[in-house]
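Observations on chain architecture
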Amino acid sequence: MDDLLRLLKDGHARTIPMLAKELHTSTADVSRKIEYLVNMGLIRKVDFGPKKCGSCGGGCSSENGQKTCKSCMPEGGFQNMGQMWEVVG
Amino acid sequence: MSATIALLGQPNSGKSTVFNALTGLKQHVGNWPGKTVEKKEGSFVRDGKEYAVADLPGSYSLTANSDEEVITCEYIASGKADVVCILADSSQLERSLYMMADYAGIKVPSFLVLNMADVAADQGKKIDTKVLEEKLGIPVISLSATDNKKYDAFFEAMNRAISNKSMINIAGLEAELQKVDAYAKIRALLPEEGVKSYSPTWLGVKAIENDKLVMEQLKSVLSVAEEKQVEEIRCTSKGALDTGNSKFAWIDELLDGALSEQKEKIGVSKLDKIYLSPFWGKPAVVLTILLGLIGSFIPALPLMGVGSAIDMLKAPVGSALASAGVSDVLIALICNVVIQSFSYIFKMLGFVFGVLLVFGLLEEVGVMARISYVFDNTMAKLGLQGKSVMPFLISFGCTMGGAAGTRVIDNYGQKVLTIALAWAVPCGAAWAVIPMLSSLFFGPGAVAVVVAILLTMIVHMWITAKIFGRKLVKKEDRYGMIMELPPYHKPKWGALFRYVLGRTKDTFFRVSKVVLLVCVLFWALSYSFTPGVDPILCKIGKVIEPVTKIFGLNWQLFMAFVASSVGKEGALGVISALFTDGSVYGAFNDAMSGAATAENLNDILLANVSKPQALAFIFAITFNMPCVVALASTYQEIASAKWTAKIALYYTLGALVLAMIAYHIGLLIW
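Calculation rules
Residues numbered from 1 in each chain as written. Chains lettered and ligands numbered in written order. Predicted model: local features only at pLDDT ≥ 70, side-chain atom pairs only at ≥ 80, totals over all residues. Heavy atoms only, no water. Patch = residues over 30% accessible without salt bridge, like charges linked within 9 Å, V, L, I, M, F, W, Y side chains within 5 Å. Areas by Shrake-Rupley, 256 points an atom, 1.4 Å probe, with all protein chains shown as cover. Salt bridge = Lys/Arg side-chain N within 4 Å of Asp/Glu carboxyl O. Helix = DSSP H or I, 4+ residues; strand = E, 2+ residues; numbered from the N terminus. Buried < 20%, exposed > 50% of the residue type's maximum accessible area, 1.4 Å probe, protein only. Phe/Tyr/Trp six-rings, centres within 6.5 Å; stacked < 30°, edge-to-face > 60°. Lys NZ or Arg CZ within 6 Å of the ring centre and 35° of its normal. Pairing = 2+ DSSP bridges. Axes fitted to C-alpha atoms, helices over the stretch in contact; angles between N-to-C directions. Contact = heavy atoms within 4.5 Å.

1. Describing a nonpolar patch on the surface
Residue and element names in this part refer to chain B. A surface patch of nonpolar side chains, about 620 Å² in accessible area, is lined by Val 657, Ile 661, Ile 665, Leu 668, Ile 669 and Trp 670. In this fold, Val 657 is placed in helix 34 (residues 641-669). The partly exposed category is assigned to Val 657, whose relative accessible area is 41%.

2. A closer look at the environment of Tyr373(B)
Assignment of secondary structure puts Tyr373(B) in helix 19 (residues 367-380). Separated by 98 residues in the primary sequence, Tyr373(B) and Tyr275(B) have C-alpha atoms spaced 9.2 Å apart.

3. Let's talk about the packing of aromatic side chains
Within this structure, the stated rule accounts for 25 aromatic pairs over all chains. Between Tyr36(A) and Tyr98(B), the ring centres sit 5.3 Å apart and the planes meet at 65°, which makes this aromatic pair edge-to-face. Residue Tyr36(A) is found in helix 3 (residues 27-39), and its partner Tyr98(B) is found in helix 4 (residues 98-103); the two belong to separate chains. Taken individually, Tyr36(A) and Tyr98(B) each receive the classification buried, so the pair is uniform in this respect. Ring plane angle 75° and centroid distance 5.3 Å describe the contact between Phe111(B) and Phe154(B), whose orientation is recorded as edge-to-face. Here Phe111(B), found in strand 6 (residues 110-115), pairs with Phe154(B), found in helix 7 (residues 152-164); they are 43 residues apart in sequence, far enough to count as distant. With respect to burial, Phe111(B) and Phe154(B) carry one shared label: buried. Ring-pair connections join several aromatic residues into one group, and the members of that group are Phe44(B), Tyr51(B), Phe111(B), Tyr151(B), Phe154(B) and Phe155(B). Sitting over the face of the ring of Trp643(B), Lys646(B) holds its NZ or CZ atom 4.2 Å from the ring centroid.

4. So, the pairing of strand 1 (residues 3-9) of chain B
Note on strand geometry: in a regular strand, side chains alternate between the two faces of the sheet. Residues and elements named next belong to chain B. Buried residues dominate strand 1, accounting for 7 of its 7 residues. Residues Ala 3, Ile 5, Leu 7 and Gly 9 of strand 1 are buried on one face, and the alternating residues Thr 4, Ala 6 and Leu 8, pointing to the opposite face, are buried as well. In terms of strand pairing, strand 1 meets strand 4 (residues 49-55) through 5 bridges, oriented parallel. Note on strand 4: the bridge partner recorded for Ala 6 is Ala 54. Bridging between strand 1 and strand 5 (residues 83-89) involves 5 bridges; their strand directions are parallel. Along strand 5, the bridge assignment pairs Leu 8 with Ile 86.

5. Some words on the sheet that holds strand 3 (residues 38-46) of chain B
Residue and element names in this part refer to chain B. If you trace the 7 strands from one edge of the open sheet to the other, you get 2-3-4-1-5-6-8, paired in mixed fashion. Each edge of the sheet is formed by a strand with only one pairing partner; in this case those strands are strand 2 (27-31) and strand 8 (140-142). Each neighbouring strand pair of the sheet contributes to a mean axis angle of 25°, computed without reference to strand direction. Two elements, strand 5 and strand 6, share 6 bridges in a ladder whose sense is parallel. Its bridge partner lying in strand 6, Ala 88 is registered against Leu 114. Across the sheet, helix 2 (residues 67-77) lies against strand 1, strand 4 and strand 5, angled at about 150° from strand 1, the strand it touches most. Contacts between helix 7 and the sheet are confined to strand 1, strand 3, strand 4, strand 5, strand 6 and strand 8, with strand 6 contributing the most and set at about 160° to the helix.

6. Quick notes on the side chain of Gln10(B)
Examined against the element boundaries, Gln10(B) turns out to sit in the loop between strand 1 and helix 1 (15-23). Beyond its immediate chain neighbours, meaning those up to four positions away, Gln10(B) contacts Ser59(B), Tyr60(B), Arg95(B), Ser96(B), Tyr98(B) and Met99(B).

7. Some details on unusual backbone geometry
All names here are of chain B. The residue Asn 12 is not glycine, and still its phi comes out positive at about 70°. Position of Asn 12 relative to the elements: it lies in the loop between strand 1 and helix 1. Located in the positive-phi region is Asp 47, a residue other than glycine, with phi close to 50°.

Set out below in structure tokens:
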């Protein structure tokens, strides 16, 4: 896991298969370690939720129970950006 | 009650399915005392004996980080459960056995249920539960929790665990943990009997992980000196990293010989071989964006047609109003401001619709994630995300489209910065003017001017990123270190169209206000209300000419510079009108309609403008605010009048500074 964190801190974007190749392990191993690091608070998942829309100024969000406005990203669609994680601190 | 069973597992491990299958309607739901965490309890009868079931809150681990984890730990430690059923997902055992590894060392009987056996079988995974059972020392079974008729093995394992008081064999885990120096030292300080239901192994692990509850409990069994020693040792360790490594190593050891699956081949799709290639990736992404930009004109056409149709209303409406006796001022206001503005707005809306649809589609099918990935490292140098490259490239066509394209950037600061930088990219209208003026004044040297413009653009973007980035993008906003790229898939057309139409409608209402306001203001300043009297803009131009000359712009060129804020295409029309003694009002009209230059414009320019002035003017209009529609689109996207004004002011002043530099360089050359 130290190697994984070291790679994450070097500022280069990588995909999970690339990390698996660099660390000579499987994608399942990388995925479980990412999950572990998230739960331990060492990295965090980037939120692509419907928010900060120009029209509503971020006021509408499915997260706080309000209905998303038409300009916000539609729920269940148009959010196919995959998953991203960043190192905390 | 014969026994109480506690269901333990991570979220999505199937706990609730098992709970429902076991208890049926015999369940009650409430909250755990003092917490907002749902408490589910129930009972069932099997072979004449009644069993109680507690569905413990789903949590990733047993480290006391959240309410769920604290409740789970406290419940197990309280001794209320006679047996703990640990659930894991068979289809991803490497990760889902983590809960079992975290539970190992708690002295409460347990058995392991490998749920979702059907999914694992579909994936071609074969799990030998006997091997696992032998290694773990507790009953282990495979289960498909949704199949209510196949719970016999569950009950058999449960009874075995209760009657044998089966505990997890932690020898393997202990061996892995002993490799961690800090653990070995802390473990040596802990009492062999542990605390309550916790073994010294479990306590040692949690002490390294700095579990608050465990640290509190250790106070009751350790002296102050030992407690301090534990704290000192913990601080020298890597904490959860060390224990996590040990647990995963133990899980791998457990699965060795128990899990067989097809060896994973880490490969990429044919399309990803191109997009993710270090060599071809960037050209492929740029090509995709350019094709997307061209493609966005197709859905834009209907609304652009509406814009042109509105424009055609000017003449008949003007005639009708004139015949009705309406004053010239009102006719000019209605025809040349209101109708012209709406014509402009609809043409722009067509582009907004096209860009949103095409680039929304790219996101839907999974291409946008690749674009973001490919350019992430390059854009990071400007404090931006990889996705920012898309608005930049679109801005070569139209800055307004570029601003609309920032909708896919989720971080507000990066979105504002992206728009601020996109303004530095000369748009299609600028590219229509730059080559013409350059070749007119500098002949073959026009190539050098275009290269200078492009180099200035890069430097401008770098400086702007430094100036604006300090306030807009914090260091912690930089992310995208790991990406799990989504698979390519078919778009959800309904959701996409709902979004695009909603956004276009919203843009219409917001942009209309800004465009009308700016155009009415400009018109009022440039309209000659009293025949023979210079309009205000003209008077101002003449008064400030001594200042504008510092930037290499005489008053006519400066007025053209001001008009280029409305639309770059019109700047030439303004020059044409002013140098041929035309009215400023006419010049403004030209700027709005983006046409009308004198037939002998070349002669006019060569006769009235020197080469240094021409160079200054080219730089001034290229790096000036793109146009009033881009201004409106920027405001629409970032929803901040303050930032929109800051960017506009920065570009207006920046363009004048660049013009001044270009002018003085020109004076040195010519």
